[in-house]
Every structure is written in C-alpha cells, then in structure tokens.
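Results of the structural survey
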Amino acid sequence: GNNDEQTALEIAKNAQKYGIKTYLDLQFSDFWADPATQARPKAWRDLSDENLNTELYLYNKKLISDFNAAGIQIGMVQLGNEITKGMLGVSEAGSINVWKDNPYATKLTNLLSAASRAYREDSQNTKIAIHVESPDIDNDRLILQSLQDHNVSYDIFATSYYPFCGWGNTTKWGNNPTIIAQVE
C-alpha cells in the first residue's frame, strides 16, 4: 500500500488546517485488509501471539506519540478493517466462525485489547471503533458478546454499508435498509 504513517501525518496536518478531525483507519496489514484478506504485515509474520500483542500495543503507542509530536489529536481510530472474519492472520478456516470459536475469539480480542489499551493510556479523547462488514444481526450480536466477554474497550461498533451491492437475505443479513435499521 501507499498510505504509511508519514502520509497519514501529512493528510492529518492538512485536514487540521481546516478544522477537520483525524480519523485513523488502521488496516494492520502491508496492503488493503478486507474480509477475504487479513494478512499480517511481513515484519510481524513470525511473531508468537504474545509478541504480536506486544508489537501491536507498541506500534499504536508510537503512532500516538508521533501524532502528538506533530500537534495532531486523533479524533477516532479504527482498529482493523472489516474484521468480521478476523484480522492479522487470525481468520476463518472453512466453516469456523472466529467470534464463536473461543481460541480464535480470544486471539482476536487480545489483539484488539492491546491496540485499544494504547489509546486509553495515551490518547484518552480518541474514540475507538471496531469495524465489521456485511450487517448480520445474529453475527453482530455474537461479535458484540465476544467483545464484552473479553473486556475489549471501544466506543463505536461500525459496519460497512455498500448500498450498490444490495445483496443478502432481506430478513437476516445484507446491505439493505431493512437490515441496517434492525442492526441499528
């Protein structure tokens, strides 16, 4: 990808000139992350779960420090992108739902907690978003319950909405107004 920290800082500085708050969307990947692709960055590929949690925490601490040093307050941070099926290499295999399967859910929520802790410690005014896709009432409840059971600290549960797709079961999941209203 071409949006690294330096690019994000430059964009944030320009936005701040116009009174626009910074919304930092962290993909935690060397390239775009989406439901089908949640690869770990190469630098973190061989880390144990414990070391990955530590690196993720330290990475976020560094981001906060660098943004603060540039005089930029991060208004909101999104931890991962469309993480319904996992993130940072913790992802669905076959029919396993990562949020339902405790070892996977524990790994995911530990990662989210490590990142979140950095903002709670060093950037208390930053809102923290957990971002999923494919609005699905039952799965959203499962994810929310897992976040609660594992004490993940966040402020906003966000979902992608692609109105041009219009796919999905009109009574249970999908990108349509009926489902969005039910999820809300």
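Now for a quick tour of the structure.

Analysis parameters
Residues numbered from 1 in each chain as written. Predicted model: local features only at pLDDT ≥ 70, side-chain atom pairs only at ≥ 80, totals over all residues. Heavy atoms only, no water. Helix = DSSP H or I, 4+ residues; strand = E, 2+ residues; numbered from the N terminus. Buried < 20%, exposed > 50% of the residue type's maximum accessible area, 1.4 Å probe, protein only. Contact = heavy atoms within 4.5 Å. Areas by Shrake-Rupley, 256 points an atom, 1.4 Å probe, with all protein chains shown as cover. Phe/Tyr/Trp six-rings, centres within 6.5 Å; stacked < 30°, edge-to-face > 60°. Salt bridge = Lys/Arg side-chain N within 4 Å of Asp/Glu carboxyl O. Core = buried A, V, L, I, M, F, W, Y, C linked by side-chain atoms within 4.5 Å. Axes fitted to C-alpha atoms, helices over the stretch in contact; angles between N-to-C directions. Parallel < 35°, antiparallel > 145°, perpendicular 65-115°, else oblique. Left-handed = near helix turned anticlockwise from the far one by under 90°.

**A closer look at the overall build of the protein**
- Along the backbone of the protein there are five helices and six strands.
- In the protein, the succession of α and β elements from N to C terminus is α-β-α-β-β-β-α-β-α-β-α.
- In the protein, which comprises 184 residues, the share counted as buried stands at 39%.
- The contacts of the protein with a sequence gap of at least 6 include a subset with a gap of at least 24, amounting to 71%.
- Accessible area for the protein stands at about 9,900 Å²; split by element, carbon and sulfur atoms hold 51% of it.

**Some thoughts on the packing of aromatic side chains**
- What the rule picks out here adds up to two aromatic pairs.
- On the numbers, 6.4 Å between centres and 70 degrees between planes, the contact of Phe 28 with Tyr 59 is edge-to-face. Of this pair, Phe 28 sits in the loop between strand S1 (22–26) and helix H2 (49–69) while Tyr 59 sits in helix H2, and the two are 31 residues apart along the sequence.
- Given a relative accessible area of 7%, Phe 28 falls into the buried group.
- Since its relative accessible area comes to 32%, Tyr 59 is described here as partly exposed.
- For the pair Trp 44 and Tyr 59, a centre-to-centre distance of 5.7 Å together with 85 degrees between the ring planes defines the contact as edge-to-face.

**Regarding the pattern of salt bridges**
- The final tally for this structure, using the stated rule, is 10 salt bridges.
- The shortest N-O distance in the salt bridge between Lys 62 and Glu 5 comes to 3.2 Å. Within this pair, whereas Lys 62 is found in helix H2, its partner Glu 5 is found in helix H1 (residues 5–17), the two being separated by 57 residues in sequence.
- Measuring nitrogen to oxygen at the nearest pair gives 3.8 Å for the salt bridge that ties Arg 40 to Asp 49.
- On the basis of relative accessibility, which here comes to 19%, the residue Arg 40 falls in the buried class.

**Section: unusual backbone geometry**
- Positive phi is not limited to glycine here, since Phe 28 has a value of about 55 degrees.
- Its identity as a non-glycine residue notwithstanding, Leu 88 has a phi of 50 degrees, on the positive side.
- A relative accessible area of 0% places Leu 88 in the buried class.

**Concerning the nonpolar core**
- With 35 residues, the main nonpolar core has Leu 79, Met 87, Leu 112 and Tyr 119 as its most contacted residues.
- Broken down by secondary-structure element, the contributors of at least two residues to this core are H1, S1, H2, strand S2 (74–79), helix H3 (102–122), strand S5 (127–132) and helix H4 (137–149).
- With seven residues, the single largest contributor to this core is H3.
- With sequence-adjacent residues up to four places away left out, Met 87 is seen in contact with Phe 28, Gln 38, Leu 56, Leu 79, Gly 80, Leu 108, Leu 111 and Leu 112.

**Re the packing of H1 against H2**
- At a minimum axis distance of 11 Å, the contact between H1 and H2 shows a crossing angle of 40 degrees. By the angle between their axes, H1 is oblique relative to H2. Here the hand of the crossing between H1 and H2 comes out right-handed. Across the interface between the two elements, Glu 5, Ala 8, Leu 9 and Ala 12 of H1 pack against Lys 62, Leu 63, Asp 66 and Phe 67 of H2.

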